[in-house]
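Understanding the architecture of this molecule
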Amino acid sequence: MEAVKKITSEEILTELEAVLRYNSLKSSPVLTRFLKYVVEETVNEKQHYIKEYSIAVNVLNRSVDFNSSDDAVVRIHAGRLRRILNEYYLTQGQDSLLMIDMPKGSYIPLFTRRTTIRVAETNQSTNVKPLVAIFPFKSIIQDQNLNIISEMLCGELSAELSRFEEIAVIGHFSNDMISKIDQNALEAANMIGADFIVTGNLKHYNEKLQIRLNLLNSSTGEFILTKSFEYESLKDFIKRQNEIIENVVCIIGGYYGVIFKEIIKNSSFKTINSDIWKGIYSYYKYQSSYSIDNCLSAFTNLKQATKTHPDHALLWAMMGEFYLDGIAFAIEDIELEEGYRCIMKSLQIDPNCQHVWHALTLANLFKKDSEACLYSAEQCIKINPNASGLVSGVGCMLIFAGFLDKGYAIMNKALEKNPNCPWWMNIGFCYYYIAKKDYANALYWAEKMDAEDTFWDPLLKAATLSFTDQHSRARKYLLKLLELEPEISKKINSALSRCILSENVVSQIIGSLDKIGLERLSINN
């Protein structure tokens with residue numbers, strides 16, 4: 001009951017009454033009883049009685065033979081209650097000085113004095129980025145060298161993560177706040193409004209240095225990522241510290257980083273009601289898992305977000321790229337100039353927006369300007385070389401633009417840094433090996449694709465199987481291609497030529513499909 005001792009019972013019960021007046025709870029007698037029960041039991045120091053069984057029997061009127069293995073009713077209502085509490089403190093209760101929370105994995109509520117109003121809650125219209133707090137690394141023994149290493153790590157991690165435009169980072173704290181972090185990192189994170197915590201431990205023994213780094217979800221305390229590093233000596237660490245920074249930052253940041261994968265899993269993330277966040281969230285969901293539904297959702301949300309926030313560079317960059325993706329997927333009535341207009345608007349608002357240079361690289365590819373494509377790709381990489389998703393993207397575009405070896409090296413390096421990559425990277429590797437006439441490797445990358453809603457998936461599988469004389473399997477994918485695009489034989493040349501600047505390679509791919517009956521099967525269909 002440590003948290004309760006710091007706050008009076010009267011304060012807690014007053015806050016409970018305020019929360020229970022919230023419409024979403026007023027309209028749900030079950031959730032009202034649930035919240036009252038767990039809060040009052042905790043205030044009365046009976047929190048050890050708060051179990052799934054006791055809630056089922058005392059709150060939800062289940063019989064005494066209730067078995068949680070067969071009935072998930074308590075867990076379901078607990079999930080609903082957590083979402084409503086989050087919603088309340090983001091809206092009607094945003095100015096409350098006390099917060100009632102029920103962490104995931106427990107039914108015992110926590111009571112926190114909100115000495116600092118969350119930035120993301122009070123200014124949602126302008127700051128909807130996930131906030132990452134870099135907390136000091138701890139060591140068991142007091143060692144000045146370890147304190148210095150902690151400061152170095154925190155400083156470098158803060159600087160490099162700050163280069164990702166989709167997240168906000170805080171890495172410097174007052175002595176009072178450091179004291180609170182030492183006492184309870186999750187409570188400290190809540191006080192400053194952090195959504196994620198990067199922290200860890202340092203150990204120095206027998207001249208060796210061991211570093212363990214952890215990334216936690218501050219609302220649940222769940223470990224999202226943990227990595228260990230070992231160095232022969234402190235001097236060895238000083239020489240190689242950039243390896244830690246690159247290794248960790250590439251995995252954490254970007255739309256294929258663990259932070260956004262965690263957010264996509266948790267649709268109740270704090271900013272979900274913001275137009276900006278809806279646009280960004282749906283764009284990342286579309287990128288990580290291509291489907292027609294995700295595509296339509298992203299387009300709708302981005303369009304709305306750019307209307308309500310016309311000075312947001314990242315939204316315009318994403319919107320511009322979305323139009324260009326339509327061209328890459330051979331969607332009719334998509335005009336290059338509309339995408340280019342969005343990109344230019346983004347560039348005018350913020351020339352340092354990395355995403356806009358990524359989109360501009362694609363626009364220059366479609367304009368068939370290979371040198372401009374190379375220039376914009378280099379600008380994109382320069383802004384943040386650790387953004388593996390965007391860096392691999394421009395590498396893929398450079399391959400299509402004819403810079404085969406340069407593009408391949410960029411993609412390969414990005415893949416080494418973060419194996420979680422965009423599905424369309426497989427197209428780039430596949431095309432690279434087709435251009436090199438290494439059809440076995442081209443087939444390997446084609447078969448790694450998992451984007452059946454796009455024509456690229458069956459097309460490249462059919463082509464590479466044809467190149468390797470596996471005609472029976474190739475025809476199966478050709479039939480799938482014809483199901484998706486019945487008129488593909490008429491527009492395949494223009495569809496491929498939009499993205500691929502080498503006419504020779506385009507002819508090779510079309511020839512491989514003709515070899516397995518593209519024209520004949522198109523007529524029969």
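Refer to the structure above for everything that follows.
Here the structure is a predicted model, which is why all the values come from computation and not from measurement.

Quick look at the packing of helix α16 (residues 336-349) against helix α17 (residues 354-366)
At a minimum axis separation of 10 Å, α16 and α17 run at an interaxial angle of 150 degrees. Remark: the crossing between α16 and α17 carries left-handed chirality. The residues of α17 that touch α16, namely those facing L336, Y340, I343, M344, S346 and L347, are V356, W357, A359, L360, A363 and F366.

Points about the packing of aromatic side chains
For the structure on display, the rule yields 20 aromatic pairs. Pairing Y408 with Y432 gives two aromatic rings, centres 4.3 Å apart and planes at 25 degrees, and the pair type is stacked. With Y408 in helix α20 (residues 404-417) and Y432 in helix α21 (residues 425-435), this residue pair connects regions lying 24 residues apart in the sequence. The class of Y432 is buried, set by a relative accessible area of 10%. An aromatic cluster of at least three residues, connected via ring pairs, comprises F260, W277, Y281, Y283, Y284, Y286, F299, F322 and Y323. For K203, the ring lying beneath its charged end belongs to Y205, and the centroid distance is 5.4 Å. The ring of Y340 carries the charged tip of K367 above its face, separated from the ring centre by 4.2 Å.

Quick word on the side chain of T306
Note that T306 resides in helix α14 (residues 292-308). One polar contact links the side chain of T306 to the main-chain carbonyl oxygen of K303, over a distance of 2.9 Å.

Notes on the layout of surface pockets
To find leftover empty space, one rolls a probe the size of a water molecule over the atoms. Put simply, the second largest pocket is a space of about 500 Å³. P136, F137, N147, S150 and I178 are the residues nearest the centre of the second largest pocket, which is lined by 19 residues in total. Of all the elements in the fold, those that place two or more residues in the lining of the second largest pocket are β4 (138-139), α8 (144-161) and α9 (175-183). Across the lining of the second largest pocket, the residue classes tally to nine nonpolar, seven polar and three charged.

A look at the packing of α21 against helix α22 (residues 439-447)
Direction vectors running N to C along α21 and α22 enclose 165 degrees, while the axes themselves pass 8 Å from each other. In this view, α21 runs roughly antiparallel relative to α22, as classed from their interaxial angle. The element α21 and its partner α22 pack so that their crossing is left-handed. Here N426, F429, C430, Y433 and I434 of α21 lie close against α22, whose contacting residues are Y439, N441, A442, W445 and A446.

The rules behind these values
- Residues numbered from 1 in each chain as written.
- Predicted model: local features only at pLDDT ≥ 70, side-chain atom pairs only at ≥ 80, totals over all residues.
- Heavy atoms only, no water.
- Axes fitted to C-alpha atoms, helices over the stretch in contact; angles between N-to-C directions.
- Helix = DSSP H or I, 4+ residues; strand = E, 2+ residues; numbered from the N terminus.
- Left-handed = near helix turned anticlockwise from the far one by under 90°.
- Contact = heavy atoms within 4.5 Å.
- Phe/Tyr/Trp six-rings, centres within 6.5 Å; stacked < 30°, edge-to-face > 60°.
- Buried < 20%, exposed > 50% of the residue type's maximum accessible area, 1.4 Å probe, protein only.
- Lys NZ or Arg CZ within 6 Å of the ring centre and 35° of its normal.
- Polar contact = N/O pair within 3.5 Å; in protein donor to acceptor, adjacent residues only side chain to side chain.
- 1 Å grid on protein atoms, 1.4 Å probe; cavity = no way out; pocket = protein on both sides within 12 Å on 5 of 7 lines; lining within 4 Å.
- Points joined across faces, edges and corners; volume = space filled by probe spheres on them.
- Nonpolar A, V, L, I, M, F, W, Y, C, P; charged D, E, K, R; others polar.
- Parallel < 35°, antiparallel > 145°, perpendicular 65-115°, else oblique.

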